[in-house]
Amino acid sequence: MDVALDVARLLFGGLVLYVGAEWLVKGSAGLARAYGVKPLVIGLTVVAYGTSAPELAVSTIAAVDGKPAIVVGNVVGSCIANLGLILGVTALISPPAVDARLIKREVPVLLLSVAVVPLVVWASGIAWWEGLLLFAASVAFTVWTLSVEAGVNVPAADEIEATAEIAGAPSGSGKARMYAVTAAGMALLIGGGDVFVDGAVGVARSLGMTERVVGLTIIAVGTSLPELAASLVAALRGHADIAVGNVVGSNIFNVFLILGIVPMVRHLDVSLASVAGDLYFLAGVTLLGAFTMRGDRRVTRVEGALLAAAYLAFLAFAFGKTG
């Protein structure tokens, strides 16, 4: 009976996640049209923040419950899933376009965020002051992203309108309406993610999985479903710049925002030795993802297959390593 209820939560949560992703992409595209900015910026900020909310909520709850392995596993596993699973599957279905400036600006920040993780857990986990520094980096990244785009290469009105229509933005240009649609999409994503994770954790417990494996796989995939849904919907609607920007922005926020806020709630007592193998995979998949996003081009289906294969290899490693 309990297992059946958990499966029902998985299915219902997945449905809510998809609806929320539809609304979030439509609303964010409408905001891009209303403000006359490139959809890439929306993907790196509005969508990335919204779809990272489930990771933040789950990680905070896990920290309060004294389960640091789930927190770090969720962050690391979600980052790997974003690049390997989400970017890989998106490229297989509809090769997404890459903004040439992404490799020059946001990708270096993405690589820096990966390098930061082993540094902050080097001694005795992540302390509150380290979390404060990471949170400040998250705020700085957001301000920087918006400031460098201000008045630079503003698209023509017809181009903005065309991309908004492709993304399914509601008719009209009222900002209040677009904010409402975006907020509703975020709320559905967060709610759907919570329901999905509840079901996933229940199923995982029945299988006797460790907290580390649960965080790296079940919870990581569950909290990454908003990114997956939003990215696939955006790509299928021809709005691939939102999909790519969402993946990059979400990974940056997963490290700087989540590992920033959670330690300020409770010290994360995690040793570097316990997560070293996971971090090697994170570094490798991130480098592969950065390679696929080089220059003004599209991520090919072959590269998407490589990313997906890397994620499958990570799953095999996660389930093969105990503890």
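Residues numbered from 1 in each chain as written. Predicted model: local features only at pLDDT ≥ 70, side-chain atom pairs only at ≥ 80, totals over all residues. Heavy atoms only, no water.

(A) Representation of the overall build of the protein. The secondary structure content of the protein amounts to twelve helices and zero strands. Here the protein holds 323 residues, and 53% of them are scored as buried. Sequence-distant contacts in the protein: of pairs separated by 6 or more residues, those separated by 24 or more amount to 88%. With the model as given, the accessible surface of the protein reaches about 12,700 Å², and the carbon-plus-sulfur share is 71%. (Helix = DSSP H or I, 4+ residues; strand = E, 2+ residues; numbered from the N terminus. Buried < 20%, exposed > 50% of the residue type's maximum accessible area, 1.4 Å probe, protein only. Contact = heavy atoms within 4.5 Å. Areas by Shrake-Rupley, 256 points an atom, 1.4 Å probe, with all protein chains shown as cover.)

(B) Region of the structure containing the packing of helix 8 (residues 175–206) against helix 9 (residues 211–236). Packing of helix 8 against helix 9 brings their axes to within 8 Å, and their N-to-C directions diverge by 155°. It follows that helix 8 is roughly antiparallel to helix 9 by the angle criterion. Between helix 8 and helix 9 the crossing geometry is right-handed. Contacts from L189, F196, V197, A200, V201 and A204 of helix 8 reach helix 9 at V214, I218, I219, G222, T223, L225 and P226. (Axes fitted to C-alpha atoms, helices over the stretch in contact; angles between N-to-C directions. Parallel < 35°, antiparallel > 145°, perpendicular 65-115°, else oblique. Left-handed = near helix turned anticlockwise from the far one by under 90°.)

(C) Spatial organisation of the packing of aromatic side chains. Per the stated rule, a full pass over the model turns up five aromatic pairs. Consider the rings of F141 and F253, whose centres lie 5.7 Å apart with planes at 70°: the pair is edge-to-face. With F141 in helix 6 (residues 128–149) and F253 in helix 10 (residues 240–265), this pair connects stretches of sequence that are 112 residues apart. Take F141 and F253: they sit in the same class, and that class is buried. Arranged with centres 6.1 Å apart and planes meeting at 40°, the rings of Y311 and F314 form a pair that is tilted. In this pair, Y311 and F314 are both assigned in helix 12 (residues 301–320), three residues apart and thus about one turn of the helix distant. In this structure, Y311 and F314 share a single accessibility class: buried. The rings of F281, Y311, F314 and F317 are connected pair by pair, giving a single aromatic cluster. The ring of F291 has R294 sitting right over it, with the charged end atom 4.0 Å from the ring centre. (Phe/Tyr/Trp six-rings, centres within 6.5 Å; stacked < 30°, edge-to-face > 60°. Lys NZ or Arg CZ within 6 Å of the ring centre and 35° of its normal.)

(D) Geometry of the pattern of salt bridges. Using the criterion set out here, one finds five salt bridges in the structure. One salt bridge in this structure joins E106 and R105, with 3.5 Å as the shortest N-O distance. With respect to class, E106 is no different from R105; both count as buried. One salt bridge connects R212 with D278, and the closest N-O pair in it is separated by 2.9 Å. Of the two residues, R212 is situated in helix 9 and D278 in helix 11 (residues 272–292); the sequence distance between them amounts to 66 residues. Across this residue pair, the class does not change: R212 and D278 are buried. Within this structure, R294, R297 and E303 form a network of salt bridges that share partners. (Salt bridge = Lys/Arg side-chain N within 4 Å of Asp/Glu carboxyl O.)

(E) Structural view of the environment of T300. Looking at where T300 falls in the secondary structure, it is placed in the loop between helix 11 and helix 12. In this structure, the C-alpha to C-alpha distance between T300 and P96, residues 204 residues apart in sequence, is 7.9 Å.

(F) Looking closely at a nonpolar patch on the surface. Nonpolar side chains collect at one region of the surface, where W128, W129, L132, L133 and M264 lie side by side and expose about 560 Å² of accessible area between them. Broken down by element, the residue count for the nonpolar patch peaks at four residues, all from helix 6. If you trace the backbone, W128 turns up in helix 6. (Patch = residues over 30% accessible without salt bridge, like charges linked within 9 Å, V, L, I, M, F, W, Y side chains within 5 Å.)

(G) Spatial organisation of helix 5 (residues 106–120). For helix 5, spanning 15 residues, the distance from its first C-alpha to its last is 21 Å, which sits close to the expected 21 Å at 1.5 Å a residue. If you check which residues of helix 5 are buried, you get E106, V107, V109, L110, S113, V114, V116, V117 and V120. (Expected span 1.5 Å × (residues − 1).)

(H) Focus on helix 11. Between the first and last C-alpha of helix 11 there are 29 Å, a value that for 21 residues agrees with the 30 Å anticipated at 1.5 Å per step. The axis of helix 11 is deflected most strongly, by about 35°, at D278. Within the sequence span of helix 11, burial applies to V275, G277, D278, L279, L282, V285, T286, G289, A290 and T292. The inward-facing, buried residues of helix 11 contact helix 3 (68–93), helix 4 (100–104), helix 5, helix 9 and helix 12. (Bend = angle between axes of the 7 residues up to and from the residue.)

Nothing here speaks to function; it is geometry throughout.
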